[in-house]
Amino acid sequence: MGEKLVIVESPAKAKTIEKFLGKGYTVKSSFGHICDLPKTALGIDIEHGFKPNYQVPSDKKKVVSELKALADKAEVVYLASDEDREGEAIAWHLQNRLGLKPENTRRIVFHEITKNAILDAVQNPRSVDDNLVNAQQARRVLDRIVGFELSPVLWRKVGKGLSAGRVQSVAVRLIVDREKEIQNFSSTPFFKVTGLFHPESAAAKVKLSATLEGKFQTREEALAFLQKCNGGCRFNIGSIEKKQAFRYPAPPFTTSSLQQEASRKLGFSVSQTMRVAQALYESGKITYMRTDSTNLSSLAINTIKQTITESFGEEYSKVRQFHTHAKGAQEAHEAIRPTYASDKTIEGTPAEKKLYELIWKRAVASQMADAKVERTTITISSDKFPEKFICEGEQILFDGFLKLYMEGRDDEPEEETLSQMIPDLAPGQKMEALSIEAMQKFAPRPPRYSEATLVKKMEELGIGRPSTYAPTITTITSKRGYVVKDSRPGAKRQAVKITLEGLSDSAMGTITETTVAESVGAEKNKLFPQDMGTVVTHYLENNFKEIMDYGFTARIEEDFDRIAEGKLGWTNLISAFYSPFHKTVEAQNQEKTHVTAERNLGVDPKDGKPITVRLGKFGPLAQKGTSDDPAKQFASLRKNQSIETITLEEALKLFELPRLVGTLDGKEVTAAIGRFGAYVKYDGKFFSLAKGQDPYTITVEQAQQLIQAKEQAAEKSLIKEFADEDIQILNGRYGPYIKHKGNNYKIPKGRGAKAAADLTLEDCKSLINNAKPKK
């Protein structure tokens, strides 16, 4: 028998599979895709169809050559790339590029990397599925067409270095549209009334919180109600209603729900979640992590049932099968779960341990019994007004799956719901009002998207698929400057609180009114559109309406599904899309207008010069004076400021910089904001301000401390200096290096600060002259 070759996408996956196959098998990695589709290789030809000319990148030619040599010697070649469409395309490219013979080639797929799964896949191979390959090919070609044709339009119309994409541009639109909603939102104040009551004859410590039905729109209405409650107002229990209810566990994770829950519970970014999940899958600890199915195999259900029975008892087990409701679910055939349910913990990095525990708990909890609760609702009424207070409580009768896991929430309430135990009470029973409070509230504005909630929205709209969520968010937040992920403090707001205390049946209580300061609108790790993202979105919405339409993007995903099912030819889809799209691109190329994002804010009341804000070469800026004014001034907008929302007053404040802070040793100290943030300038040198320091308020004493601290740090970093040649040997964050005429040069590894101090002037010149030029 000859050698058998197994080809997978990654070295980690190869290492795990190799353990299960033993002698007679060689397992090698292709290191991902072996073929690329550059712009010149798209093969766009309307008359003769689309024939993409896939090419092997230079960094993959050696890999392909080595795999081909092994494949030529092998008796059988198993293509074991992932089971989704991308994995099928990788297998197809390998088969074609390596020149594999159909009779000697086997396509094997598995949902988990375990010995049984691998051996079963080897015993039950199939051929490469052309329909799945075509679906992936259609996605790849269409996305390249949009990117390659639309991005140059943006370079000419808006600015260099910009990009557009079928999915990424729609994702940015979601964030821009939400920001518009927030800007246009007007919060309406109202008053919410709550009371604290003590049931007659109950223990003194029993205090029940209740909320008045409805709400009051004005302070006067709320005050009038509290005055009704004051003096001789009796409260009694009107009705008592008890209901038993059930809580049900969430289904096991899909890619989307895992990304959302890891964000809520672990604080992971979407890309971090996928990176850690990939490592868990390739090491054989969890099943395939790109899936929109909530289904579990019968084997998995049985092993989970055994784990629950052994750990919690038979009454905690309830076998159930979930059905997938996601649009076009197709990526895989099972939810994300541990490969071995009996393994509650694993060895690995801290992040791997945390994510595995989350996946284990979710999968096991999905097969646990429902939680049984008793909900009690009490109405408290008075003889002086028709409104009723509502008191609610909940008691868990059987915890079921809650013993192990509860799903997180994105829409966290402004206040924690009061969890209270309600004792046995009777209708008509007297209730003593300990206090009644009317608190001013404000309708909350729409929340900004986090990475997790953006994924949730994209899934709801059918935009993208499990494999595209993470790269899409990474692209729009880190590569193009369209969106920034940021945490920002809330704004201070005053709220009115009216309190009635000291009540009794006969005596009048005391009504007090206070103003409470509260912080609202604080954001943690939320997605904010940047000015460039807003400008590009508006341009695309006005000129490429179909590309930016949520429904169109979702319909394209459905067409990909039809291709995968063999119901639609992939070139038909591309042809139908390309012709009208290309015409629009050509029409835009003919127009010479340049898109600007400029707002006229008004004039400076001191000198009457106009104040405008616009996008500049290095970002959004404010301009004072007309374009032909030789004395015009410029100031960069601050981090949290936007062209669309900045006011005239805020823009004028920007021109207060640079500001003279004072003098040190007869030399001026000025404060300003530059391209890289706020700084003070002294003696021709620049010193970045520390976190929390403000260039508008920093004092000369604070500036002196900052300058001294920076200079002391610089002195400590200096190892050696050749002043006549403008050469310094410095100790940096990553070790010693040479600085010469503003450029930095590496010192070979192994030289610590002590060894670097021994370098001569000739040594330094040699290292500088032989340094590799920067690309």
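The structure this text deals with has already been given above.
Residues numbered from 1 in each chain as written. Predicted model: local features only at pLDDT ≥ 70, side-chain atom pairs only at ≥ 80, totals over all residues. Heavy atoms only, no water.

1. Remarks on the pattern of salt bridges
And step 1. Under the criterion given, the structure shown has 51 salt bridges.
And step 2. Between R140 and D36 there is a salt bridge, and its shortest N-O distance comes to 3.8 Å. Residue R140 is found in helix α5 (residues 130-157), and its partner D36 is found in the loop between β2 (25-29) and α2 (61-73); the two are separated by 104 residues along the sequence.
And step 3. On the basis of relative accessibility, which here comes to 32%, the residue D36 falls in the partly exposed class.
And step 4. A salt bridge links K765 to E725; the nearest nitrogen and oxygen atoms lie 3.8 Å apart. With K765 in helix α20 (residues 761-769) and E725 in the loop between β23 (718-722) and β24 (727-732), this residue pair connects regions lying 40 residues apart in the sequence.
And step 5. On the basis of relative accessible area, K765 is assigned to the partly exposed category, the value being 35%. (Salt bridge = Lys/Arg side-chain N within 4 Å of Asp/Glu carboxyl O. Helix = DSSP H or I, 4+ residues; strand = E, 2+ residues; numbered from the N terminus. Buried < 20%, exposed > 50% of the residue type's maximum accessible area, 1.4 Å probe, protein only.)

2. Focus on the packing of aromatic side chains
And step 1. The final tally for this structure, using the stated rule, is 17 aromatic pairs.
And step 2. Taken together, a centroid distance of 6.2 Å and an interplanar angle of 50° make the contact between F312 and Y316 tilted.
And step 3. We classify Y316 as buried; its relative accessible area is 8%.
And step 4. Ring-pair connections join several aromatic residues into one group, and the members of that group are F197, F216, F225, F235, F385 and F389.
And step 5. Lying across the ring of Y550, R173 places its NZ or CZ 4.1 Å from the centre.
And step 6. Over the ring of F190 we find K215; its NZ or CZ atom is 4.4 Å from the centre of that ring. (Phe/Tyr/Trp six-rings, centres within 6.5 Å; stacked < 30°, edge-to-face > 60°. Lys NZ or Arg CZ within 6 Å of the ring centre and 35° of its normal.)

3. Notes on the packing of α5 against helix α15 (residues 550-564)
And step 1. Axis separation between α5 and α15 bottoms out at 7 Å; the angle between their running directions is 150°. Here α5 is positioned roughly antiparallel relative to α15, judged by the angle of their axes. Here N131, L132, N134, A135, A138, R139 and L142 of α5 lie close against α15, whose contacting residues are I556, E557, F560, I563 and A564.
And step 2. Classifying every residue of the contact of α5 with α15 by side-chain character gives 8 nonpolar, 2 polar and 2 charged. (Axes fitted to C-alpha atoms, helices over the stretch in contact; angles between N-to-C directions. Parallel < 35°, antiparallel > 145°, perpendicular 65-115°, else oblique. Contact = heavy atoms within 4.5 Å. Nonpolar A, V, L, I, M, F, W, Y, C, P; charged D, E, K, R; others polar.)

4. Points about unusual backbone geometry
And step 1. The residue after L657, namely P658, is reached through a cis peptide bond having omega 0°.
And step 2. Along the chain, the position of P658 falls in the loop between α17 (648-654) and β19 (659-664).
And step 3. In this model, D683 sits at a positive phi of 55°, which is unusual for a non-glycine residue.
And step 4. The phi torsion at D726 lies on the positive side, around 55°, for a residue other than glycine.
And step 5. In this fold, D726 is placed in the loop between β23 and β24.
And step 6. According to the relative accessible area criterion, D726 is partly exposed, its value standing at 43%.

5. Description of the sheet that holds strand β22 (residues 685-688)
And step 1. Read from one edge of the open sheet, 4 strands run β19-β20-β21-β22, paired in antiparallel fashion. In the strand order of this sheet, the two ends are held by β19 and β22, each with one partner. Averaged over neighbouring strand pairs, the angle between their axes works out to 30° when direction is ignored.
And step 2. Strand direction decides the pairing type here: strand β21 (residues 677-682) and β22, joined by 4 bridges, are antiparallel. Residue pairing in the sheet places V680 in a bridge with F687 of β22. (Pairing = 2+ DSSP bridges.)

6. Side note on the pairing of β2
And step 1. Bridge analysis of strand β1 (residues 4-8) against β2 gives 5 bridges, and the strand direction is parallel. The residue of β2 that forms the bridge with V6 is V27.
And step 2. Each parallel crossover has a hand, and for β1 linked through helix α1 (residues 11-21) to β2 it is right-handed. (Right-handed = clockwise from strand over helix to strand, strands pointing away.)

7. Quick notes on helix α10 (residues 298-312)
Since the α-helix advances by 3.6 residues per turn, residues separated by three or four positions end up pointing in the same direction.
And step 1. Here α10 spans 21 Å end to end across 15 residues, near enough to the 21 Å set by a 1.5 Å rise per residue.
And step 2. Those residues of α10 lying buried are A300, I301, I304, T307 and I308. Within α10, the buried residues cover an arc of 125° as seen down the axis, which keeps them to one side. Exposed residues lying more than 90 degrees from the buried face of α10 are S298, L299 and E310.
And step 3. For α10, the secondary structure elements touched by its buried residues are α11 (350-365).
And step 4. Immediately beyond the C-terminal end of α10, within one or two residues, lies G313, with a positive phi of roughly 115°. (Expected span 1.5 Å × (residues − 1). Arc of directions from axis to C-beta.)

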